[in-house]
Amino acid sequence: MTAQVKKIVSLLSVVSMFLLGCGGGGGGSTGSTGSTGSTGSTGGSTPGASNGKLEGIAATGAALSGAKITAHCSNGKKLEGFADNAGRFSLDLDLISDGALPCMLQAQSKNPAITYYSYARSAGFVNINPLTDLTVTKVLGADPSLAFNEFGKSIHTIDGNLADAPQFVQGAMDSISGYRSTVYEDFKIPDPFTYKFSLGDDRDKLFDALGASLKAAGLSFDELRQEVIKQSKERERFDEKIY
């Protein structure tokens, strides 16, 4: 076992504990956040009726300023935009016609160089951050980039396994980062996709603590993601033996 693998095992050994406890495979100014449809068309929606927007914040503790935001929706079309200096983005679903939802979202940042994924069942507020990424990863049991590129085929997998994933991911993140709120039970995140984080609050600090722990161990977020995939597959094998 290499030193790097030992670091991962040491840092993430707690993940398996949470997997065994879970079922399944798993406003302000919007600045420069305007969206464009993949075809460039603005038609397709019912006149006078709006399909709404996907609006939210892309962050990794700090805001992902200038990150490219892409939504790949169930009708096969994509929306693109950019986060403003506060990480806020807004994507107009009217640009890609009716029947778009649900959508899988991707935030690509150059500084820091990171890509996160998220999921939106309905129009409205949606986060893109480490917690949404790990939740989607846990649900899929695979690299979320693959599902994003072929979104449509993965909808039922995501919807069917969402119930237990947030509990697993938050528990794993808490233990990995070594972070606990002084009033921990009051700071559970109800829904990682739609909860509105406040800069500097206890929930927001969880991301900072996670990043600090990974940095101290010399690990990347992608290595954390891969460990979640590995443990998800081990859970599936466990279920097959038991049931």
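In this report, we go over the structure that sits alongside the text. (Residues numbered from 1 in each chain as written. Predicted model: local features only at pLDDT ≥ 70, side-chain atom pairs only at ≥ 80, totals over all residues. Heavy atoms only, no water.)

**Some details on the state of the cysteines**
Within this structure, the stated rule accounts for one disulfide. Between Cys 73 and Cys 103 runs a disulfide, and the two sulfur atoms are separated by 2.1 Å. Between Cys 73 and Cys 103, the S-S dihedral sits near 100°, and the bridge is therefore right-handed. Placement of Cys 73 in strand β4 (residues 68-73) and of Cys 103 in strand β7 (residues 103-110) is noted, with a sequence separation of 30 residues between them. (Disulfide = S-S within 2.5 Å. Helix = DSSP H or I, 4+ residues; strand = E, 2+ residues; numbered from the N terminus.)

**Focus: helix α7 (residues 202-217)**
With 16 residues, α7 should cover 22 Å at 1.5 Å per step; its first-to-last C-alpha distance of 23 Å lies within 8% of that length. Along α7, the residues that are buried comprise Asp 202, Arg 203, Asp 204, Leu 206, Phe 207, Ala 209, Leu 210, Ser 213, Leu 214 and Ala 217. Downstream of α7 by one or two residues, Gly 218 has phi in the positive range, about 70°. (Expected span 1.5 Å × (residues − 1). Buried < 20%, exposed > 50% of the residue type's maximum accessible area, 1.4 Å probe, protein only.)

**Some thoughts on the packing of aromatic side chains**
Tallied over the entire structure, the rule returns five aromatic pairs. Measuring from centroid to centroid gives 6.2 Å for Tyr 119 and Phe 151, while their planes differ by 70°, and the two rings are edge-to-face. Residue Tyr 119 is found in strand β8 (residues 113-120), and its partner Phe 151 is found in the loop between α4 (144-149) and α5 (155-161); the two are separated by 32 residues along the sequence. In terms of burial, Tyr 119 and Phe 151 fall into one category: buried. On the numbers, 5.0 Å between centres and 90° between planes, the contact of Tyr 195 with Phe 197 is edge-to-face. Exposure class is identical for Tyr 195 and Phe 197. Each is buried. Here the aromatic residues Tyr 195, Phe 197 and Phe 207 are joined through ring pairs into a cluster of three or more. The side chain of Lys 196 reaches across the aromatic face of Phe 125, ending 5.1 Å from its centre. (Phe/Tyr/Trp six-rings, centres within 6.5 Å; stacked < 30°, edge-to-face > 60°. Lys NZ or Arg CZ within 6 Å of the ring centre and 35° of its normal.)

**Re the environment of Asn 51**
Turning to its location among the elements, Asn 51 is positioned in the loop between β1 (36-37) and β2 (53-60). According to the relative accessible area criterion, Asn 51 is partly exposed, its value standing at 23%. As for Asn 51 and Ile 96, which are separated by 45 residues in sequence, their C-alpha atoms are 9.4 Å apart.

**Structural notes on the side chain of Ser 118**
Locating Ser 118 in the fold gives a position in strand β8. Of note is the side chain of Ser 118, whose polar atom sits 2.5 Å from the backbone oxygen of Asn 127. In contact with Ser 118, other than residues within four places in its own chain, are Met 104, Leu 105, Val 126, Asn 127, Ile 128, Thr 132, Val 136 and Phe 193. (Polar contact = N/O pair within 3.5 Å; in protein donor to acceptor, adjacent residues only side chain to side chain. Contact = heavy atoms within 4.5 Å.)

**Quick word on the pattern of salt bridges**
Enumeration over the complete set of coordinates arrives at three salt bridges. Close ionic contact of Lys 68 with Glu 80 constitutes a salt bridge, the shortest N to O distance being 3.7 Å. Residue Lys 68 is located in strand β4, and its partner Glu 80 is located in strand β5 (residues 78-82); the two are separated by twelve residues in the primary sequence. Residue classification places Lys 68 among the partly exposed residues on the basis of a relative accessible area of 28%. Close ionic contact of Asp 222 with Arg 225 constitutes a salt bridge, the shortest N to O distance being 3.1 Å. (Salt bridge = Lys/Arg side-chain N within 4 Å of Asp/Glu carboxyl O.)

**Some words on the nonpolar core**
Membership of the largest hydrophobic core comes to 31 residues, with the highest contact counts inside it found for Leu 54, Ile 69, Ala 71, Leu 91, Leu 93, Leu 105 and Ile 128. Broken down by secondary-structure element, the contributors of at least two residues to this core are β2, β4, β6 (88-92), β7, β8, β9 (124-128), α7 and α8 (221-242). In this structure, Tyr 117, Val 136, Ala 147 and Phe 193 belong to the second largest nonpolar core, which totals twelve residues. (Core = buried A, V, L, I, M, F, W, Y, C linked by side-chain atoms within 4.5 Å.)

**Focus: the pairing of β8**
Across the eight residues of β8, six count as buried, placing the element largely inside the fold. One ladder, built from eight bridges, connects β7 with β8; its direction is antiparallel. The partner of Ser 109 across the bridge, within β8, is Ile 114. In sequence, β7 turns back onto β8 through a hairpin of two residues. (Pairing = 2+ DSSP bridges.)

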